[in-house]
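Commentary on secondary and tertiary structure
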Amino acid sequence: MNNDLSSLRVRDIGEQGLLKRLQRFCPPGMIGDDGAVLVTESDKCLIVTTDMLVDGVHFSDVTTSAQDAGWRAAAANLSDLAAMGATPMGITVGLGLPGDVTVSWVEGLYAGMTECLAKYHIPIVGGDIVRSPITTLAITAFGQVHPNLIIRRGTAQVEDAIVLTGVHGASRGGLELLLHPEIGQNLKAEAKTALITAHQRPNPRLDVLPILWEIVESQCEVPNLKSQITIAGMDSSDGLADAILQICRASQVGAVIESSKIPLPSAFGGWLIEEKSLEYALYGGEDFELVLCLPIEPALKLVEQLGTGAAIIGKITPGSKVILHDEKGEIPDRVLNFSQGFQHFCQ
């Protein structure tokens, strides 16, 4: 790497390196989670999160209609709010467009956004439109949460169970089917549709929060004192491995993940070999499930109430390594790291 700072390029340090350098421009403790926390009242915090989608990077006409692009953009931001434990309030939309984009495409984009938002009674409350050489969509979402209920990446404790709220790898499977339809010839139509829908129309897991808080409250010695149990977490939009690594780095802990416990789409059986299925689950991204770290007893109750797809896949450990373990002993332990997944500027 070139050590001359005047000629250092973004691609030389990658997404994580760039984020680390930019954090010094923000107040300590303000960023590093799925959203920023702003204290507005004694019993409420405002959560603000921004997500960008760029044509050719996050969506394309080959795999995503205007309506689907809009849905996915809204879902990504709502997923970040869910990952912070927040109830959504509204979004603003920043849109950069080349002049030759059709009006019908833009209207379809907004139709997809509002269709996703309508499920949760969330409005579009503003935004901006500018000319741009590439279609770019930037959404800022606002939510609120009680200070004791904020889910952060940096609060995982040794011996915490690691919970997934649903299957992983489905979105990547759907993307591959859209890009290479011939590879799905042996899949039933229903299985194909399920995987493609997982990619084009993901559902943010806001439904998990009421169940989670009810379980946590029932576990507390003092009624309504939910802060007795600390929950760490984030969403898995950048991949399951990335989420676990981010949580462990922020919490200064390690983890052991049992590969056989990772919930996979049923369509993968008989379609993908085990190694490919695991790759899609760990690094495929855009599944928009929650990865939560909490004590074992409430974790077991949460998995039971969420039902099919939810699972405890491992636990938090001392140290800093995140190890993928095969309890059958057929595959050697693997240490996971950020370089194995997608990172902007490094591809």
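Thresholds applied
- Residues numbered from 1 in each chain as written.
- Predicted model: local features only at pLDDT ≥ 70, side-chain atom pairs only at ≥ 80, totals over all residues.
- Heavy atoms only, no water.
- Buried < 20%, exposed > 50% of the residue type's maximum accessible area, 1.4 Å probe, protein only.
- Helix = DSSP H or I, 4+ residues; strand = E, 2+ residues; numbered from the N terminus.
- Pairing = 2+ DSSP bridges.
- UniProt positions renumbered as here; feature names shortened; annotations may be inferred.
- Contact = heavy atoms within 4.5 Å.

1. Remarks on the pairing of strand β7 (residues 232–235)
The two faces of the sheet receive side chains in turn, since in a regular strand these alternate between them. Across the two faces of β7 the burial is the same, with Ala-232 and Met-234 and Gly-233 and Asp-235 all buried. Inspection of the sheet shows β7 paired to strand β9 (residues 290–294) by four bridges, in the antiparallel sense. Paired with Ala-232 across the two strands is Cys-293, which belongs to β9.

2. Some words on the UniProt feature "binding site: Mg(2+) 1" (unreviewed entry) in the protein chain
When the UniProt feature table is mapped onto this chain numbering, "binding site: Mg(2+) 1" (unreviewed entry) sits at Thr-50, Asp-51 and Asp-128. Within the secondary structure, Asp-51 sits in strand β2 (residues 44–54). In contact with Asp-51, not counting residues within four places along its chain, are Ala-76, Asn-77, Asp-80, Leu-137, Ala-138 and Ile-139. Relative to the assigned elements, Asp-128 resides in strand β4 (residues 124–131). When its relative accessible area of 49% is taken as the criterion, Asp-128 is described as partly exposed. If we skip the residues at most four places from it in the chain, Asp-128 touches Val-93, Gly-94 and Leu-95.

3. Some thoughts on the UniProt feature "binding site: Mg(2+) 5" (unreviewed entry) in the protein chain
The feature "binding site: Mg(2+) 5" (unreviewed entry), as annotated in UniProt, sits at Asp-238 in this numbering. The residue Asp-238 is located in the loop between β7 and α7 (240–251) in this model.

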